[in-house]
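# Structural description and commentary
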Amino acid sequence: MADEDKIVVNFNHFVNQSEPYFAQGVFEPNLQNEDLVAFSFDINGAEKFSLVVIDVRTRRNSPGIPSTYYSARWGAGTDASCIYYNVVDPVWGTPRKVYQYCLTENSMETLQGAESLVYVEEDVTLTTEVSATTDGRYTYIQVAGQATSEVLLLRTAEGSHASVHPVFRRVQETQYHIDHYNGSFFVLTNADQALNYRILRVNVETAITSIPNAITGMEPVICHRVDETIEKLEILEDHLVAWVRKDGLRRFRTLDLTSLRSGCADAPLGYDISESAIPYSLFPGITFDMDSRLYRRFASKNFVYSNSSFASPSRSWLYDLEAGTSSLLSEQRVAGLGHYTERRVWATSSMESTIKVPISLIHASNRTGPQALLLSAYGAYGTYTDPTFATRILPLLDRGITYAMCHPRGDGNMGASWYLDGKYASKKHTFEDVETCLKGLIDQGYTAPGRVAVCGRSAGGLITGDVVNRLGWQPGLDSAAHPDAMVKAVVAQVPFIDPIGDMTDETIPWTPYEYYEWGNPLTNNTIFEAMREYSPYGNISPNRTFPQLFVSAGLQDGRVGFFEPAKWVAKLRTAFKKEDQHNLVLRVRNSGHFGGGDYAETAEWLAFVINAVA
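Below is a summary of the structure that appears in this document. On a predicted model such as this, the values are computed, not experimentally measured, just so you know. (Residues numbered from 1 in each chain as written. Predicted model: local features only at pLDDT ≥ 70, side-chain atom pairs only at ≥ 80, totals over all residues. Heavy atoms only, no water.)

### A look at the overall build of the protein chain
If you tally the helices and strands in the protein chain, you get 11 helices and 30 strands. For the C-alpha atoms alone, the extent of the protein chain along its principal axes is close to 75 × 60 × 50 Å. Across the 614 residues of the protein chain, 56% fall into the buried class. Residue pairs at least 24 apart in sequence account for 58% of intrachain contacts in the protein chain once pairs closer than 6 positions are excluded. (Helix = DSSP H or I, 4+ residues; strand = E, 2+ residues; numbered from the N terminus. Buried < 20%, exposed > 50% of the residue type's maximum accessible area, 1.4 Å probe, protein only. Contact = heavy atoms within 4.5 Å.)

Laid out in structure tokens, this is it:
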């Protein structure tokens, strides 16, 4: 770059070129001092990030602060020279602590500061993250769990709360997310049976002095809808933006706050869609969060969003909140995408006729008849799984393999009830829905038994394990005698595979936190029996037809320890026939939960799929 001053952070100055792994963490400009930026990075995949503060004008930087996690925010008002961040607990493996690092008198060579502990969350089923209102007036700690949260103010812009101050106290099964406008907190919450969330407002002083733990005294802004989930709230100057899910697709609603009246407001949808545009993905901000954090400003009547799909590379758009129009900012250009067809189809469950499972898919436009197919699925945590553009699937499409993404219960795409119906003792619904997707794709002519591969990672490992135990296909199998035999190959990436073994051992990182996703088999016999029924590890039998299986594990993985997929493969070895042992592959890398990030890793499992089903 010709003008060196345009470089904000050059990670090559902080990370040795020989490091085999690199991941960017936070990127946080100081809104009150544009010279200061905090950023973090991970160099081994263990999700323990080094946090650095840099003065982009003088190029001085602080020493790296180790073992930070995914959140950091600058303080407000008199706290503006302090960066707050969460830190991974060395015993529990979760971010339970929040520290502050306040800059002090600086030398000519480095930025100096003092670190101090601010907060420790004693409940090990909860974690901490640091956040701030969009206008930068309030920095707060979000105590977060799978089902419960609490908001703790750090300091107001006037610096009147020097210590942690609870504002919205924790109530079991209740979540709070806040933003600020004109003396009021706007609160996104599922309190009082609002499963799909609603937005309320309350005066800041009222919130601070009364410490509400319910919605009493709050005024409605956007009311609860049974057919739409509110995912995210943000406020820009005089407008509110609510990111919502409707019919499984993300959209946004906008609201002019200068004309806000009492009662539920009519916030119009700001992202128009047509059936020909489905499926797609839509995200707040632009392609990279670094850009979003660097250029985003509260005092603006515009905001940026990006969209893409399986066949459409990412585009970034500027939305005018007053005019209600979008203009293109930038686009990723990839040649040769015109010969693919993408669509969304639905599969009806044979077990529950009211359950229709959405499937996003893409295939070569010249497809004729059933083709080989790779199905991916996740189905946990209420996660939103969207069809984003990814070049890694193009080698499959070019070899005549259809790529499909199943959205089973346990995911959040179809709303809170869809998610809740796939967790705890109802977890089996996730596996039923994946089976429904597979049978639906076969019935609709997209693929055929024995031409299917299934891929799942992390919590999606339960899906792959269930497929291995129940839906495996091999050549020569009598399809009439085995109507559920469909899947020839499975890719299980860092798979969570032994729910009873994990959930009965609190020394495994994240286990107490996970009780509110899977349940606690130590205290709830219903949960124990459900896990015993669906556990892939506990239901291996030699009297099965097993698919070809590729399993990966990471030595630095702090979420699913490498020993879990390793012991699964070891147990499967005893069940696989001698002549089929070569069909069971375990790859252990010196990487973390999200892999090593290199092309070789992706190419290996793609080659496995292509070799099996193409």
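We are not done yet, so read on.
### A look at the pairing of strand β21 (residues 315–320)
In this structure, strand β20 (residues 302–308) lies alongside β21, joined through 6 bridges in antiparallel fashion. In the sheet register, Asn302 faces β21, and the bridge partner there is Asp320. Here β20 folds back onto β21, and the loop between the two strands holds 6 residues. Inspection of the sheet shows β21 paired to strand β22 (residues 325–331) by 6 bridges, in the antiparallel sense. Bridged to Trp317 within β22 is Leu328. In textbook terms, the turn of a hairpin is the stretch between consecutive antiparallel strands, and for β21 and β22 this stretch comprises 4 residues, one of which, Gly324, has a positive phi near 70°. (Pairing = 2+ DSSP bridges.)

### Remarks on the packing of aromatic side chains
Per the stated rule, a full pass over the model turns up 32 aromatic pairs. Note on Tyr138 and Phe185: the rings are 5.1 Å apart at their centroids and 65° apart in plane angle, and the pair reads as edge-to-face. Of the two residues, Tyr138 sits in the loop between β8 (127–132) and β9 (139–144) while Phe185 sits in strand β13 (residues 184–189), which places them 47 residues apart along the sequence. Taken together, Trp243, Phe252, Tyr271, Tyr280, Phe303, Tyr305 and Tyr319 form an aromatic cluster joined through their ring pairs. If you follow Lys571 out to its NZ or CZ, it ends over the ring of Tyr537, 4.4 Å from the centre. (Phe/Tyr/Trp six-rings, centres within 6.5 Å; stacked < 30°, edge-to-face > 60°. Lys NZ or Arg CZ within 6 Å of the ring centre and 35° of its normal.)

### Focus: helix α8 (residues 511–518)
With respect to burial, α8 is a largely interior element, 7 of its 8 residues being buried. Inspection of α8 places Thr511, Pro512, Tyr513, Glu514, Tyr515, Glu517 and Trp518 among the buried residues, and these make up the whole buried set. Contacts from the buried residues of α8 go to β8, β9, α4 (416–420), α6 (461–470), α7 (499–503) and α9 (525–534). Directly beyond the C-terminal end of α8, a positive phi value near 100° is found at Gly519.

### So, the sheet that holds strand β17 (residues 239–246)
Reading across from one edge, β16-β17-β18 is the order of the 3 strands in this open sheet, with antiparallel pairing throughout. Taken across any chain shown, the strands that pair with only one partner, and hence form the sheet edges, are β16 (228–236) and β18 (249–256). Strand-to-strand twist in this sheet, taken as the mean axis angle between neighbours without regard to direction, amounts to 25°. Taken together, the 8 bridges between β17 and β18 define a ladder with antiparallel strand orientation. (Axes fitted to C-alpha atoms, helices over the stretch in contact; angles between N-to-C directions.)

### Side note on the sheet that holds β13
An order of β12-β13-β14-β15 is seen for the 4 strands of this open sheet, with the pairing classed as antiparallel. Edge positions in the open sheet fall to β12 (176–181) and β15 (219–222), since each of these has one partner strand only. Taken pair by pair, the neighbouring strands of this sheet meet at an average axis angle of 30°, ignoring direction. Here 6 bridges tie β12 to β13, and the two strands are oriented antiparallel to one another. Its bridge partner lying in β13, His180 is registered against Phe185.

### Examining unusual backbone geometry
The backbone of Arg59 sits at a positive phi, close to 70°, despite the residue not being glycine. A residue is classified by how much of its surface remains accessible, and Arg59, at 35% relative accessible area, is partly exposed. One non-glycine residue, Asp247, lies in positive phi territory at about 55°. Summarising the element assignment, Asp247 is placed in the loop between β17 and β18.

### Thoughts on the side chain of Gln493
Along the polypeptide, Gln493 turns up in strand β28 (residues 487–493). Residue class for Gln493 comes out buried when judged on its relative accessible area of 13%. Among residues more than four places away in sequence, those in contact with Gln493 are Cys455, Gly456, Arg457, Ser458, Ser552 and Trp605.

### Examining the state of the cysteines
In this structure the tally under the stated criterion is 3 disulfides. A sulfur-sulfur distance of 1.4 Å marks the disulfide that ties Cys223 to Cys264. The S-S bond linking Cys223 to Cys264 shows a torsion near -40°; that makes this disulfide left-handed. Residue Cys223 is found in the loop between β15 and β16, and its partner Cys264 is found in the loop between β18 and β19 (281–284); the two are separated by 41 residues along the sequence. Look at Cys223 and you get partly exposed, because its relative accessible area is 23%. Judged by its relative accessible area of 48%, Cys264 is partly exposed. Each sulfur of the disulfide joining Cys406 and Cys437 lies 2.3 Å from the other. On the sign convention where negative is left-handed, the bridge of Cys406 and Cys437, at about 70° about the S-S bond, is right-handed. Here Cys437 lies in helix α5 (residues 428–443) and Cys406 lies in strand β26 (residues 401–406), a separation of 31 residues in the sequence. Accessibility expressed as a relative area gives 1% for Cys406, which makes it buried. Using a relative accessible area of 0% as the deciding quantity, one classes Cys437 as buried. (Disulfide = S-S within 2.5 Å.)

### Structural notes on a nonpolar patch on the surface
Taken together, Leu555, Phe562, Phe563, Leu586 and Val588 make up a surface patch of nonpolar side chains, about 400 Å² in accessible area. Relative to the assigned elements, Phe562 resides in the loop between β29 (548–554) and α10 (563–575). Exposure remark for Phe562: the relative accessible area of 37% places this residue in the partly exposed category. (Patch = residues over 30% accessible without salt bridge, like charges linked within 9 Å, V, L, I, M, F, W, Y side chains within 5 Å. Areas by Shrake-Rupley, 256 points an atom, 1.4 Å probe, with all protein chains shown as cover. Salt bridge = Lys/Arg side-chain N within 4 Å of Asp/Glu carboxyl O.)

### Section: the pattern of salt bridges
Tallied over the entire structure, the rule returns 33 salt bridges. Of the charged contacts, one joins Glu604 and Arg589 as a salt bridge, the two residues approaching to 2.9 Å between their closest N and O atoms. Pair noted here: Glu604 is in helix α11 (residues 599–613) and Arg589 is in strand β30 (residues 584–589), with a separation of 15 residues, a long-range link. For Glu604, a relative accessible area of 25% translates into the label partly exposed. Each member of the salt-bridge network shares a partner with another, and the members are Glu435, Lys439, Asp466, Arg470 and Asp484.

### A word on α6
One turn of an α-helix holds 3.6 residues; hence residues three or four places apart share an orientation. α6 sits mainly inside the fold: 9 of its 10 residues count as buried. Among all positions in α6, only Gly461, Leu462, Ile463, Thr464, Gly465, Asp466, Val467, Val468 and Asn469 are buried.

### A few points about the environment of Glu122
In this structure, Glu122 sits in the loop between β7 (113–120) and β8. Residues Glu122 and Lys97 lie 25 residues apart in sequence; the distance between their C-alpha atoms is 9.3 Å.

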